[in-house]
Amino acid sequence: MAAIYQAVYRRASSLFCRSHSTYVRKMRYLNELKEDDNLCRQAQTSGTFYLFHNLSPFLQKVGKKYWVPQLGAAEMKRTLEKFKETEEWIEKSVLIGCSDEHVPHFALDLGPLEKSVIESELEGSFTDLRKALFVVDEKDSPLLASAQSLLRWHDSHQYCSKTGQPTQKNVAGSKRVCHASGITYYPQMSPVVITLVSDGSRCLLARQPSFPQGMFTALSGFCDVGENVEETVRREVAEEVGLEVESLWYSASQHWPFPSSCLMIACHTLVRAQQAEIRMNSLELEEARWFGLEEIVEGLKREPRSSKQDDGSFLPWFPPRQAIAHQLIREWVKHQTS
């Protein structure tokens, strides 16, 4: 029996190590591409490219589904040649990942070129990222989000904040350097907390004036300098709805490209039912209210286009499954029904 157990254990360990080493090799290969300009330049001749136009990703519609095409290096070169552009355009791309087989993925923004001509040539359309994230396959959403964030960062960091001189990106786009000052700039993310407040039997959702009509979501806000996550959650809940957090616990995290590049840190918070009167900050929110379990379950089934009623008002609906707020709401429902 011991021999059988040892054999099973060795097999399981072997499978784990092979899986683990595949990931390690992939991460180390990506790191080499970031650090070695010549290696990355060579990888651009065999990689695939995701296209953007003024930060809007290129999508193609097949039937009722949208997918994110990857152009091979040869196809990318032919496309640029049709627009009488040189291969120097490839150097403007940024590395955003690679496959398990070490095929590198790059993102390239063709903003200066005529959008309609590119769309006609490649039979697709450049779509606003907020819309794109909710219609493409879930595996593509994180890649598009990180690609746009990196492209946006390069666009807004072309000059050194100390000398005012131009900065130069490395081939992979993992950093920019000011040769006048010697300063190296790296892309950064801003930490944001997003929290679903509950009083035990209800959860609190809110909306801002800029939201699509009828959409409610969890409270969120940027971390202030010097704050930890717990302090930010307590402050945001107090500021926005006038409630005091009794306890909180971490759920998950997600990169979110709006308004620029954010790390969303998702939490659940509990307030006392006896002290759950909302005192909303109207400078930040348009509406905030408590939702019962039945209303939440119905809202999760509802799509934006089905929320408008005959009298012109809108039934509540919630962020789609790609947003971490959706995950928080579903976790709350699961907890209530367990």
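Residues numbered from 1 in each chain as written. Predicted model: local features only at pLDDT ≥ 70, side-chain atom pairs only at ≥ 80, totals over all residues. Heavy atoms only, no water.

It is worth spelling out the pairing of strand E2 (residues 56-62) at this point. Counted residue by residue, E2 has 5 buried out of 7 residues, so it is predominantly covered. Of the strand pairs in this sheet, strand E1 (residues 48-53) and E2 are connected by 2 bridges, and their pairing is antiparallel. Bridged to Phe-52 within E2 is Pro-57. Note: E2 against strand E7 (residues 125-126), 2 bridges, orientation antiparallel. Along E7, the bridge assignment pairs Leu-59 with Ser-125. Taken together, the 3 bridges between E2 and strand E3 (residues 65-67) define a ladder with antiparallel strand orientation. Across the sheet, Val-62 pairs through a bridge with Lys-65, a residue of E3. Linkage of E2 to E3, two consecutive antiparallel strands, is achieved through a turn of 2 residues, within which Gly-63 is found at a positive phi near 65°. (Buried < 20%, exposed > 50% of the residue type's maximum accessible area, 1.4 Å probe, protein only. Helix = DSSP H or I, 4+ residues; strand = E, 2+ residues; numbered from the N terminus. Pairing = 2+ DSSP bridges.)

In this section: a negative patch on the surface. Together, Glu-32, Glu-35, Asp-36 and Asp-37 make up a negatively charged patch on the protein surface. Along the polypeptide, Glu-35 turns up in helix H1 (residues 2-35). (Patch = residues over 30% accessible without salt bridge, like charges linked within 9 Å, V, L, I, M, F, W, Y side chains within 5 Å. Areas by Shrake-Rupley, 256 points an atom, 1.4 Å probe, with all protein chains shown as cover. Salt bridge = Lys/Arg side-chain N within 4 Å of Asp/Glu carboxyl O. Lys, Arg positive; Asp, Glu negative; His and termini not counted. Charge placed at Lys NZ, Arg CZ, Asp CG, Glu CD.)

This paragraph deals with the domain arrangement of the protein chain. According to the domain assignment, the protein chain consists of domain 1 (22-177) and domain 2 (190-337). Distance between the C-alpha centres of domain 1 and domain 2: 33 Å. Facing the 12 residues of domain 1 at the interface are 10 residues of domain 2. Counting the surface lost from both domain 1 and domain 2, the interface buries some 930 Å², and carbon and sulfur atoms represent 67% of this. The largest contributions to the domain 1 side of the interface with domain 2 come from Arg-130, Phe-134 and Glu-138, which together make up 48% of the buried area. Counting every contact that joins domain 1 to domain 2 gives 1 salt bridge. Arg-321 is paired through a salt bridge with Glu-138; the nearest N and O atoms lie 2.7 Å apart. Listing elements by their share of the side of domain 1 that touches domain 2, those giving two or more residues are helix H5 (129-132) and helix H6 (141-156). Of the residues forming the side of domain 1 that touches domain 2, the biggest block, 6 residues, is contributed by H6. Across the side of domain 1 that touches domain 2, the residue classes break down as 5 nonpolar, 4 polar and 3 charged. (Domains from an automatic or database assignment. Contact = heavy atoms within 4.5 Å. Buried area = accessible area lost by both parts, 1.4 Å probe. Nonpolar A, V, L, I, M, F, W, Y, C, P; charged D, E, K, R; others polar.)

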